[in-house]
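In case you want the letters, here they are:
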Amino acid sequence: DAKTTQPPSMDCAEGRAANLPCNHSTISGNEYVYWYRQIHSQGPQYIIHGLKNNETNEMASLIITEDRKSSTLILPHATLRDTAVYYCIVRAFGNEKLTFGTGTRLTIIP
Amino acid sequence: GAVVSQHPSRVICKSGTSVKIECRSLDFQATTMFWYRQFPKQSLMLMATSNEGSKATYEQGVEKDKFLINHASLTLSTLTVTSAHPEDSSFYICSAKKDTSNTEAFFGQGTRLTVV
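How each quantity is defined
- Once a new chain begins, its residue numbering starts again from 1 and follows that chain's sequence as written.
- To label them, take the chains in the order written and letter them from A, then take the ligands in the order written and number them from 1.
- Restriction of local features to residues with pLDDT of at least 70 applies here, the model being predicted, together with a cutoff of 80 or more for giving and counting side-chain atom pairs; totals for whole chains, interfaces and linings are based on all residues.
- The side-chain numbers reported here are obtained from all heavy atoms of the structure, hydrogens and water having been left aside.
- Under the DSSP-based scheme used, a helix requires at least four consecutive residues in state H or I and a strand at least two consecutive residues in state E, with every element numbered from the N terminus.
- Atoms considered for the radius of gyration are the C-alpha atoms alone. The globule rule reads 2.2 Å times the number of residues to the power 0.38.
- The disulfide definition used here is simple: a pair of cysteine sulfur atoms within 2.5 Å.
- Relative accessibility thresholds used throughout: buried, under 20% of the residue-type maximum; exposed, over 50%; partly exposed, between the two (1.4 Å probe, protein chains only).
- Only strands that DSSP links by at least two bridges are regarded as paired with each other.
- In this analysis, two residues are considered to be in contact whenever any of their non-hydrogen atoms come within 4.5 Å of each other.
- Joining two parts hides part of their accessible area as seen by a 1.4 Å probe, and the buried area is that hidden amount summed over both.
- Whenever a carboxyl oxygen of Asp or Glu lies within 4 Å of a side-chain nitrogen of Lys or Arg, that contact is scored as a salt bridge.
- Classification convention: Asp, Glu, Lys, Arg as charged; Ala, Val, Leu, Ile, Met, Phe, Trp, Tyr, Cys, Pro as nonpolar; all other residues, Gly among them, as polar.

Caption draft 1: Broad picture of the overall build of chain B. In terms of regular secondary structure, chain B is built from 0 helices and 11 strands. When the helices and strands of chain B are read in sequence order from the N terminus, they spell out β-β-β-β-β-β-β-β-β-β-β. Against the globule reference of 13 Å for 116 residues, chain B gives a C-alpha radius of gyration of 13 Å, in line with a compact fold. Judged by the C-alpha coordinates and their principal axes, chain B covers about 40 × 25 × 25 Å.

Caption draft 2: Up close: the state of the cysteines. Residue and element names in this part refer to chain A. Evaluation of the coordinates by the stated rule reveals 2 disulfides over all chains. One disulfide in the model links C22 with C88; its S-S distance is 2.1 Å. Because the sign of the S-S torsion sets the handedness, a value of about -80 degrees for the bond joining C22 and C88 places this disulfide among the left-handed ones. Highlighted residues: C22 in strand β2 (residues 18-23) and C88 in strand β8 (residues 84-92), separated in sequence by 66 residues. Free cysteine C12: the closest other cysteine sulfur is in C22, separated by 18 Å. Overall, the relative accessible area of 9% leaves C12 in the buried class.

Caption draft 3: Quick look at the sheet that holds strand β5 (residues 55-56) of chain A. Residues and elements named next belong to chain A. The strand order across the open sheet formed by 4 strands is β2-β7-β6-β5, and the pairing between neighbours is antiparallel. Either end of the sheet is taken by a strand with one partner, and the two such strands are β2 and β5. Pairing of β2 with strand β7 (residues 70-75) involves 6 bridges; the strand directions are antiparallel. Within β7, the residue paired with L20 across the bridge is L73.

Caption draft 4: Structural detail: the interface of chain B and chain A. Of the residues lining the interface, 23 residues belong to chain B; the matching set on chain A comes to 21 residues. Between chain B and chain A, a total of about 1,600 Å² is buried, with carbon and sulfur atoms accounting for 50% of that surface. Measuring nitrogen to oxygen at the nearest pair gives 2.8 Å for the salt bridge that ties K97 of chain A to E59 of chain B. Going through the elements one at a time, β4 (32-38), β5 (45-51) and β9 (90-97) of chain B are the ones with two or more residues in the side of chain B that touches chain A. Per-element tally for the side of chain B that touches chain A: the top contributor is β4 of chain B, with 4 residues. Residues belonging to the side of chain B that touches chain A are distributed by class as follows: 8 nonpolar, 10 polar and 5 charged.

Dropping the structure here:
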């Protein structure tokens, strides 16, 4: 699976939109972009995934660039409970495994 | 979303003893379950992939005789850490998928193992 690069940490003010970038310049055509987050001392939580179109659900929006080499996870109105490590993962269709990188530690500031 | 439950959430054991951790999919049948290990301030590392009714597939560097995985039913997988040592102290997390398509995996809440 393609490797991803994320900033190690970010801060965001409570109530503002949190935009988390991810680079996956070696992504291939059959690979999806997944986002998970891990709140301290808990198991990861699925957020969203996409192939090439932008996606939105009740938690977040995923914006994937046209060349698919990068993406941005958007939490529209960040709350203190969104403080977590966010993982961007690229996984090929049919590959069962999720390979976690180091992620981005997002801190929401009151 | 689907619910995956791990038990126990915390366990302390003596060095040399074995510890069993259970992972259950509560509201779906899981054809595949995964076991991860996470050391403090590090990311999750996949240990093994478990398919119901067959032997687990271990990642490189993971000792299969030390970390015994059993996936006897579509809702239960167990990880047994045999002859535990302090260096096995870690956060163990399981995940499960409903099927083999490109759906998301659901994670348990994790088990904090401390070997003293």
